[in-house]
Amino acid sequence: MAHSPLSDDLSVDIHGAVALVCLTRSAKRNALNDGLIMRLRQVFEDMGPDIKAAVITGEGSHFCAGLDLSELSERDAVEGMHHSRMWHKALDAVQFGRVPVVAALHGAVVGGGLELASAAHIRVADESTFYALPEGSRGIFVGGGGSVRVPRLIGVARMTDMMLTGRVYNAQEGERAGFAQYLVPTGQALDKALELAQKIAQNAPATNYALTHVLPRIADQSADHGLMTESLMAAIAQSAPEAKDRMRAFLEGRAGKVQKSAVQ
Ligand code: 1HE
């Protein structure tokens, strides 16, 4: 396993075909300053072809406390626009990079931390997780893509309520609302996220690409355009030799059957 502390604030460990990206600014609850946002972008843009999936997590007792509020002070409107666009580029690099990303969540997943978690493709939360958008009470608005990504997880009405009233969702409520796809006992989110990422890394690359790059675009299209895009993607995926090998493996009894899962 290779370990690279990219800076005091971020590290990357390679577990086979999975990159584990960790926010390591726990003294500030992994609050995201400009330098950290730029490094995150760089890490996801530079992910090489040997990496097939990634996990993102945070060191210490919280995933991420959002924007580093100590940097907010002296920005005018134009600088504020550039700052928000910088976040967009970084979180687009997470969502639309080479590989599927699983976020392992615990403690605070708030403000820009929730925006970061929302850019991942799957979220695994432990029982200590809580979700909030304190921007509402800090007199600001989301600026890291939250208005686009959060409603796709929980709906516009829930996000509006969170920002107008300061409502905090606990781990169970968050899973029911759609923030997380998996809820595990405290301390187990990272292991579960790594297990899922190892599984995802075994998928055919065309399937992973279709799910991370094409499915969200289809969801934004009209039904008619979406169906056409689906057909094009399906044809490309089916034509790959790897897809044919996998189908043949099933027909010849060499691939696993779909199994009813144990109650989770
Ligand atoms: C910070 C930040 C931060 C902690 N920026 N320094 N986000 C927020 O409004 C959330 C603000 N943070 C909190 O509500 C709490 O810190 C937590 C619930 C996340 C954690 O509580 P706790 O008791 O574990 O830690 P703490 O004692 O509050 O914080 C420890 C240190 O981290 C302390 O600094 P210290 O020098 O006094 O030790 C805090 O000041 C520091 N810290 N959070 C800067 N966010 C693209 S736009 C996105 C817009 C937003 O994200 S707005 C929401 C910002």
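### Focus on the site of the ligand
And then number 1: Around the ligand sit 22 residues in total, of which K28, A65, L67, G112 and R138 are the nearest.
And then number 2: One of the backbone N or O atoms of G112 is found 2.7 Å from an oxygen atom in the ligand.
And then number 3: At a separation of 2.6 Å, an oxygen atom of the ligand approaches a polar side-chain atom of R138.
And then number 4: Secondary-structure elements contributing two or more residues to the shell around the ligand are strand 6 (108-110), helix 3 (112-119) and helix 4 (135-138).
And then number 5: Split by residue class, the shell around the ligand holds ten nonpolar, six polar and six charged.

### Considering the sheet that holds strand 8 (residues 130-132)
And then number 1: Sheet architecture is open: three strands sit in the order 6-8-9, paired in mixed fashion. Pairing within the sheet leaves two strands with one partner each, and these edge strands are strand 6 and strand 9 (169-170).
And then number 2: Taken together, the three bridges between strand 6 and strand 8 define a ladder with parallel strand orientation. Paired with V110 across the strands is A132, a residue of strand 8.

### Considering the side chain of E135
And then number 1: Among the structural elements, E135 can be located in helix 4.
And then number 2: No salt bridge is formed by the buried E135, whose closest oppositely charged neighbour, R138, lies at an N-O distance of 7.6 Å.
And then number 3: The contacts of E135, once residues within four sequence positions are left out, are G111, G112, E115, I140, F141, V142 and M163.

### Details of the domain arrangement of the protein chain
Accessible area lost on assembly of the parts is the figure often given for the size of an interface.
And then number 1: Taken domain by domain, the protein chain comprises domain 1 (2-200) and domain 2 (205-251).
And then number 2: Computed over C-alpha atoms only, the centres of domain 1 and domain 2 are separated by 27 Å.
And then number 3: Counting from both sides, the interface comprises eight residues of domain 1 and, opposite them, six residues of domain 2.
And then number 4: Taken together, the two surfaces of domain 1 and domain 2 that pack against each other cover about 600 Å², and 50% of this comes from carbon and sulfur.
And then number 5: In terms of surface lost to domain 2, no three residues of domain 1 exceed F96, P100 and R152, which account for 57% of the buried area on that side.
And then number 6: Here R152 and D220 are joined by a salt bridge, their closest N and O atoms 2.5 Å apart.
And then number 7: At the boundary of domain 1 with domain 2, the tally comes to four residue pairs in polar contact (both at pLDDT 80 or more).
And then number 8: Within the side of domain 1 that touches domain 2, the residues separate by chemical class into three nonpolar, three polar and two charged.

### A few points about the pattern of salt bridges
And then number 1: Enumeration over the complete set of coordinates arrives at ten salt bridges.
And then number 2: In this structure, the salt-bridge partner of R167 is D161, at a minimum N-O distance of 3.0 Å.
And then number 3: The exposure class of D161 is partly exposed, given its relative accessible area of 23%.

### Re helix 6 (residues 156-165)
And then number 1: Among the residues of helix 6, those classed as buried are M159, M162 and M163. Burial along helix 6 is one-sided: seen end-on, the buried residues are contained in an arc of 90°. Across from the buried face of helix 6, at angles greater than 90 degrees, the exposed residues are A157, L164 and T165.
And then number 2: Against helix 3, strand 8, helix 4, helix 5 (146-154) and strand 9 lie the buried residues of helix 6.
And then number 3: G166 sits one or two residues past helix 6 and shows a positive phi near 75°.

### Some remarks on the pairing of strand 5 (residues 101-105)
And then number 1: Extensive coverage of strand 5 is indicated by the burial of five of its five residues.
And then number 2: Covered by surrounding structure in strand 5 are V101, A103 and L105 together with V102 and A104, the residues of both alternating faces.
And then number 3: Across three bridges, strand 4 (residues 53-58) lies against strand 5 in parallel orientation. Across the sheet, the residue bridging to I56 is A103, located in strand 5.
And then number 4: Chirality of the crossover, the property in question, places the unit of strand 4, helix 2 (residues 77-95) and strand 5 among those that are right-handed.

### Comments concerning the layout of surface pockets
And then number 1: Counted as a void, the largest pocket has a volume near 770 Å³.
And then number 2: For the largest pocket, the lining is made up of 33 residues, of which Q95, F96, R149, R152 and P216 are closest to its centre.
And then number 3: Elements with a contribution of two residues or more to the lining of the largest pocket: helix 2, helix 3, strand 7 (122-126), helix 5 and helix 9 (205-220).
And then number 4: Ranked by residues supplied to the lining of the largest pocket, first place goes to helix 9 with eight residues.
And then number 5: Here the lining of the largest pocket is composed, by residue class, of 13 nonpolar, twelve polar and eight charged.
And then number 6: Residue-level mapping places the lining of the largest pocket at the junction of two domains, with at least three residues from each of domain 1 (2-200) and domain 2 (205-251).
And then number 7: Space inside the second largest pocket adds up to approximately 480 Å³.
And then number 8: Of all the secondary structure elements, the ones that give two or more residues to the lining of the second largest pocket are helix 2, helix 3 and helix 4.
And then number 9: A per-class count over the lining of the second largest pocket returns ten nonpolar, nine polar and four charged.

Thresholds applied
The residue count restarts for each chain, going from 1 along the sequence in the order it is written. Thresholds applied to this predicted model are a pLDDT of at least 70 for local features of residues and 80 or more for the giving and counting of side-chain atom pairs; totals over whole chains, interfaces and linings are not thresholded and use all residues. Computation of side-chain values covers all heavy atoms of the structure but excludes hydrogens and water. Nearness of a residue to a molecule or strand requires only that one of the residue's heavy atoms be within 4 Å of it. Any N or O atom pair separated by 3.5 Å or less is treated as a polar contact, with the protein-specific requirement of one donor-capable and one acceptor-capable atom, and with residues adjacent in sequence counted only for side-chain atom pairs. Secondary structure elements follow DSSP: runs of H or I of four or more residues count as helices, runs of E of two or more count as strands, with numbering from the N terminus. Side-chain classes follow a simple rule in which Ala, Val, Leu, Ile, Met, Phe, Trp, Tyr, Cys and Pro form the nonpolar group, Asp, Glu, Lys and Arg form the charged group, and the remainder, Gly included, forms the polar group. For two strands to be treated as a pair, DSSP must find no fewer than two bridges joining them. Note on classification: 1.4 Å probe, protein chains only; a residue is buried when its accessible area is under 20% of the maximum for its type, exposed when over 50%, partly exposed between these limits. In this tally, Lys and Arg are treated as positive and Asp and Glu as negative; His is ignored, and so are the chain termini. Throughout this description, the term salt bridge denotes a Lys or Arg side-chain nitrogen within 4 Å of a carboxyl oxygen of Asp or Glu. Whether two residues are in contact is decided by their heavy atoms: any pair within 4.5 Å suffices. Segmentation of the chain into domains, including their bounds, is taken from an automatic or database domain assignment. Once two parts are put together, the accessible area they lose, assessed with a 1.4 Å probe and summed over both, is termed the buried area. Think of the arc as the fan of directions from the helix axis to the C-beta atoms. When the strands point away from the viewer and the connection leading from the first strand across the helix to the second strand turns clockwise, the crossover is called right-handed. For cavity detection a 1 Å grid was placed over the protein atoms alone, and a set of points counts as a cavity when a 1.4 Å probe fits there but cannot get out; an open set counts as a pocket when protein lies on both sides within 12 Å along at least five of seven lines, with lining residues being those that have an atom within 4 Å of a point. Grid points are joined across faces, edges and corners, and a volume is the space filled by probe spheres set on the points.

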